[in-house]
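Examining the three-dimensional arrangement
Spelled out, the chains give:
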Amino acid sequence: MITNKTDSASNNNLAGKRRKHIIGFICVLGTLLLSWLVLFPYRGLKFLGSYRIYLGKNPAIHALIVVAVFYYLYLILTSREQATKSADISWRTIKGSFLNIIGALLIAGAALELIPTSYLTALLGEQAGIRAVFAGVSIGTVMPACPFITYPVIAAFYGGGAGFAGTMAMLFGSGLAFACTISADIIHFDSKIMSLRLVLSFLAALVAALLLYFSGINL
Amino acid sequence: MKLLKKWEQSFMLFIAAGLYLFLLVFYPARAHAALERSFHEMENLLLPITLAMFFGGSINLVIKNNVSCKFFQGKRSILSAGITGSIFPPCPFISYPLIKGFHNGGVKLPVIMTMIIATTLVEITQVFAGLAVFGTKIVALRIGFAFTATMIVGFMFNFLYYRLPARKVTVSSNGSAEDQ
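We now turn to the structure provided with this report. Quantities reported herein were computed from a predicted structural model and do not represent experimental measurements.

This part takes up the overall build of chain A. A count of helical and extended segments in chain A gives nine helices and zero strands. Considering only contacts within chain A whose residues lie at least 6 apart along the sequence, 67% involve residues at least 24 apart.

Structure, rendered in C-alpha cells:
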C-alpha cells in the first residue's frame, strides 16, 4: 500500500515536470517567434500607427516586452504563487521608484538643453586632439542611455564636424551618468555603489577612448 | 511621504526642480524645449521601463543564485563577470535585479562592479542600434575597446580591493571603535 502511494506521488511529480517542460517549450517557441517578428519583418511596429510611440523606438525593448509577457505567462501557468509573488515585488519596486524616474527624465531633458550644439562640435573636433577624448566621454555620460535617442545625436555631431576620437569617446561614455541609470543605482543598490560605479565606469570609458586614440585607428 | 523614504530619491526630485527653476528664470525658451524633450522621452521610455521592472523584479526569484554564483568565484571570476555583464540587457531595471541577486548570493564586490561596468559600457545587445546608425566597423571597435577597458578596470579594482592594507579597528576599553 505504501509502495503504491509512493509510486503515485512520483508519477504525479513526473507528470507535473513534464507539463512544466511542455509549457516552457511552447513559451520559448512563442518568444522566439514573436521576437523575430518585432526585430525583423515588423521592426519599429509601424502597423500600430501612432500608438507605437508608447512602446519606444528600440526593437531590443520590443523583444524584451515579448520575453516579459511570455515569461509571466509561463509563471502563471506553472506556479501561480511565484507569479503573484513576482508581480507583487515588481509592483512595489515600481511604486517606490515612479517619482524618482519622472525626476530623472526631467533632469535628462533639462541637462541636454543647457549644452549649446556649436560649442560641443568645436570641443570634439580633430583640432582638439586628446582633449576631444576627455570632452567626448564627459558629454556622453550625461546623454540618454537609450541608443535610439543618443546614437542619431552622436552621428549628427560626427557629420557636423566632431572628430573620430571625440565621437567614439561619446559612444563609450553614453548613458553612464544618465539620470535613469543613476536612479536605478539608488533603487537597487545604494549611493555608495552608485558613486563607485560612476567612477569606475567613467574610468573604463576613458581607458577605452584613450586606447582607441593612441591606436591611431581613424575611420 | 513613503514614496520619498530614501533621501537620494528626494535629492533627484530637488535637482529636477532646481534645474527647471533656473531655466525658467534665465532661459524660459529653453525651459519649454527641455520640458518638451522630457515629455517626449517619458512617452518613449515609461512603458518599456515599467515592463522592464516587472521582468526584473521576478527574474531574481527564479534564478538559483547558489548555482550561478559558482561561475563568479576563483581566478576567472572577473572575466566571467565581464562576459556575463556584456550580454546582459543594458536596461538597468532588468540587469540590476539580476546583479543584485548575485551580490546577495555572496559574489564579491569587485566581480559585481565588473559586471555592472560591462552592462553599462559594452552593451552587446545594443548592436542593432549601432549597426543601423554607424555600421559594422564602428560597432566592432566600440564593443572591442569597451570590453578591453572593462577588463583592465575590473582587474585593477580587484587587485586594489584585495591588496590594499585593511584598516585595523580596535575596541577601546570604553567600548568605542578606533581606527589605527
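Back to the text.
Let us look at the packing of aromatic side chains. In this description, a pair of aromatic rings is defined by centroid distance and the angle of the planes. Overall, the coordinates contain 10 aromatic pairs over all chains when judged by the stated rule. A ring pair is formed by Y158 of chain A and F164 of chain A, whose centres lie 6.3 Å apart and whose planes are at 50 degrees; its orientation type is tilted. You can call Y158 of chain A partly exposed: its relative accessible area is 27%. Judged by relative accessible area, which is 3%, F164 of chain A ranks as buried. A ring pair is formed by F157 of chain B and Y161 of chain B, whose centres lie 6.1 Å apart and whose planes are at 45 degrees; its orientation type is tilted. Of this pair, F157 of chain B and Y161 of chain B both sit in helix α8 (residues 136-163), four residues apart, which is roughly one turn of that helix. Judged by relative accessible area, F157 of chain B falls into the buried class, the value being 14%. Taking relative accessible area as the criterion, Y161 of chain B reaches 39% and is therefore assigned partly exposed. Counting every residue linked through ring pairs, the aromatic cluster contains F22, F26 and Y27 of chain B. It is R30 of chain B that lies over the ring of Y27 of chain B; its NZ or CZ is 5.2 Å from the centre.

Before going further, it helps to spend a moment on the environment of Y213 of chain A. Residues and elements named next belong to chain A. You can see Y213 is positioned in helix α9 (residues 191-215). Look at Y213 and you get partly exposed, because its relative accessible area is 31%. On a C-alpha basis, the gap between Y213 and G166 in space is 9.0 Å, while along the polypeptide they are 47 residues apart. For Y213, the residues in contact, after removing those within four places along its chain, are G129, I130, V133 and A165. Here the side chain of Y213 touches I130 through a polar contact of 3.4 Å, landing on its backbone nitrogen.

All right, on to the side chain of E123 of chain B then. All names here are of chain B. Mapping E123 onto the fold places it in the loop between α6 (109-121) and α7 (127-133). The buried charged residue E123 lacks any salt bridge, with R142 as its nearest oppositely charged partner at 4.4 Å. Here E123 is in contact with S86, P90, A118 and R142, once residues within four sequence places are set aside.

In a packed pair of helices, the relevant descriptors are the angle between the two axes and the axis-to-axis distance. Residue and element names in this part refer to chain B. As a packed pair, helix α5 (residues 92-104) and α6 sit with axes 10 Å apart at the nearest point and diverge in direction by 170 degrees. Looking at the two axes, α5 sits roughly antiparallel to α6. In this structure, α5 uses S95, Y96, I99, F102 and H103 to contact α6, whose residues at the interface are I112, M115, I116, T119 and T120. Its residues assigned to classes, the contact of α5 with α6 comprises six nonpolar, four polar and no charged.

To continue, consider a nonpolar patch on the surface. All names here are of chain B. On the surface, L21, F22, L24, V25, F26 and Y27 cluster together into a nonpolar patch covering about 640 Å² of accessible area. With respect to the helices and strands, Y27 occurs in the loop between α1 (7-26) and α2 (28-62). On the basis of relative accessible area, Y27 is assigned to the partly exposed category, the value being 39%.

The rules behind these values
- Residues numbered from 1 in each chain as written.
- Chains lettered and ligands numbered in written order.
- Predicted model: local features only at pLDDT ≥ 70, side-chain atom pairs only at ≥ 80, totals over all residues.
- Heavy atoms only, no water.
- Helix = DSSP H or I, 4+ residues; strand = E, 2+ residues; numbered from the N terminus.
- Contact = heavy atoms within 4.5 Å.
- Phe/Tyr/Trp six-rings, centres within 6.5 Å; stacked < 30°, edge-to-face > 60°.
- Buried < 20%, exposed > 50% of the residue type's maximum accessible area, 1.4 Å probe, protein only.
- Lys NZ or Arg CZ within 6 Å of the ring centre and 35° of its normal.
- Polar contact = N/O pair within 3.5 Å; in protein donor to acceptor, adjacent residues only side chain to side chain.
- Lys, Arg positive; Asp, Glu negative; His and termini not counted.
- Salt bridge = Lys/Arg side-chain N within 4 Å of Asp/Glu carboxyl O.
- Axes fitted to C-alpha atoms, helices over the stretch in contact; angles between N-to-C directions.
- Parallel < 35°, antiparallel > 145°, perpendicular 65-115°, else oblique.
- Nonpolar A, V, L, I, M, F, W, Y, C, P; charged D, E, K, R; others polar.
- Patch = residues over 30% accessible without salt bridge, like charges linked within 9 Å, V, L, I, M, F, W, Y side chains within 5 Å.
- Areas by Shrake-Rupley, 256 points an atom, 1.4 Å probe, with all protein chains shown as cover.

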